[in-house]
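A structural walkthrough
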Amino acid sequence: MAQSFYNPFDKFDFAPDTCFLSGQKLTSTEEVIPVFPRWMMTQFDLEDKPFKLLDESLTSYKNLTVPCATNVYNTAIEPLEKEIENAFLKGYQAVNELDKLHLFQWIGKIIYGILYNEIKIGIKQQLAIGEPFNFSQSLQHKFGNLHLMLQSLIHKVEFDGPSPWSIQVFEVNNAPETFTYRDEINTLVFSIKLKDFGIIACLQDNGTNSIYHREFLEKIDNSKLHPIQFEELCARFFYSAYLFNRLPEYTILPTPDALCIEPMPLRGISNTPPFDLWQNKTYGQVLENFWKPWGFSLFEIIKNPEKPISFILDENEHFILPETIDLPLESDTTG
């Protein structure tokens, strides 16, 4: 019997009585789960911390929730959360050994949960002024694919060919209480830093951002990074995700045993490169934001417009050993 997959973007079904993942109707208003796992909110005291939404309004971490059927939570979400929690609490080595699919599912659940709340607010605001809710078709397509891939939590899904995502795990010499979270919903890019590690993920790029930054990744070669080096990598991935100009397409093939998802070639118009031209000034503005804990200004970062400051590679393109960086470790809790 064919599996039944749910697409909330067909009718923009974001009602509180519909499970965010399976689409099944709920029987209780108590069937709701937090977007950020409870263990993480408790450990890093996040519950009442402010979380800024796309319309610049503020909510709190604990108020970001999604409706979720009890059976979906018990059989899919909770086991994943326990696996991720156990690895995160152990640290870098355990996180680095996690199945990348499971990391994708966990990260994707958070990103989609935030997106769910953003859309719900947008629908409510448009209804209040009597206008229909308008949504970019390209974003609808991208987010629909993300949701389809997330259903690998509850259905048999096989990913053929290159992974649809780039996920990089780094060992980082963080201050003990560090917790830093960032995302960019439109480009589906994510970073998190805690304990002794950091993660950067691009959820729908078919691995191209990792290829784009291959020189940096190869020179780092599993080194334990200073926090400023990790934040520089974040800035590079966030900016390149913005420059990425393809809308990935996937061959989706239902079989009696599973749904097969395979990335299609990233073709563009007239064989143009998949990334727009890198602009150092714009990159410097991104980097300035990621380097706020150390107080570097844009002027300092791009004092040489042809070669912005880097704490990863020196002027001879050699990797800078983290122990030679004379800067304080970052200790921050952000959203």
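Given the structure is predicted, the values throughout are model-derived calculations rather than measurements. (Residues numbered from 1 in each chain as written. Predicted model: local features only at pLDDT ≥ 70, side-chain atom pairs only at ≥ 80, totals over all residues. Heavy atoms only, no water.)

Bringing the side chain of Gln-168 into the picture now. Summarising the element assignment, Gln-168 is placed in strand E6 (residues 166-171). A distance of 2.9 Å separates a polar atom in the side chain of Gln-168 from a polar atom in the side chain of Ser-210. Setting aside its immediate chain neighbours within four residues, Gln-168 contacts Gly-198, Ile-199, Ile-200, Ser-210, Leu-217 and Phe-237. (Helix = DSSP H or I, 4+ residues; strand = E, 2+ residues; numbered from the N terminus. Polar contact = N/O pair within 3.5 Å; in protein donor to acceptor, adjacent residues only side chain to side chain. Contact = heavy atoms within 4.5 Å.)

To continue, consider the environment of Met-264. In this fold, Met-264 is placed in the loop between strand E11 (259-263) and helix H9 (280-290). Distance from Met-264 to Phe-88, taken between C-alpha atoms, is 33 Å for residues 176 residues apart in sequence. Ignoring any residue separated from it by four or fewer positions in sequence, one finds Met-264 in contact with Asn-206, Glu-249, Tyr-250 and Thr-251.

To continue, consider unusual backbone geometry. Look at Phe-12: it is not a glycine, yet its phi comes out positive at around 45°. Within the secondary structure layout, Phe-12 lies in the segment before strand E1 (32-34). For Phe-12, a relative accessible area of 22% corresponds to the partly exposed category. A positive phi angle, near 55°, is found at Asp-45, a position not held by glycine. Structurally, Asp-45 is set in the loop between helix H1 (38-43) and strand E2 (50-52). (Buried < 20%, exposed > 50% of the residue type's maximum accessible area, 1.4 Å probe, protein only.)

With six bridges joining them, strand E7 (residues 179-184) and strand E8 (residues 189-194) adopt antiparallel strand pairing. By the bridge assignment for E8, Arg-182 is matched with Ser-191. Between the antiparallel neighbours E7 and E8 lie four residues, among them Leu-188 with a positive phi of about 55°. (Pairing = 2+ DSSP bridges.)

For the rest of this paragraph, the subject is the pattern of salt bridges. Following the criterion strictly, the structure yields 11 salt bridges and no others. For Lys-52, the salt bridge is made with Glu-56, and the minimal N-O distance between the two is 3.5 Å. Residue Lys-307 pairs with Glu-317 through a salt bridge whose shortest N-O separation is 2.7 Å. With Lys-307 in the loop between helix H10 (298-301) and strand E12 (333-334) and Glu-317 in the loop between H10 and E12, this pair connects stretches of sequence that are 10 residues apart. Residue Lys-307 is classed as partly exposed on the basis of its relative accessible area of 37%. (Salt bridge = Lys/Arg side-chain N within 4 Å of Asp/Glu carboxyl O.)

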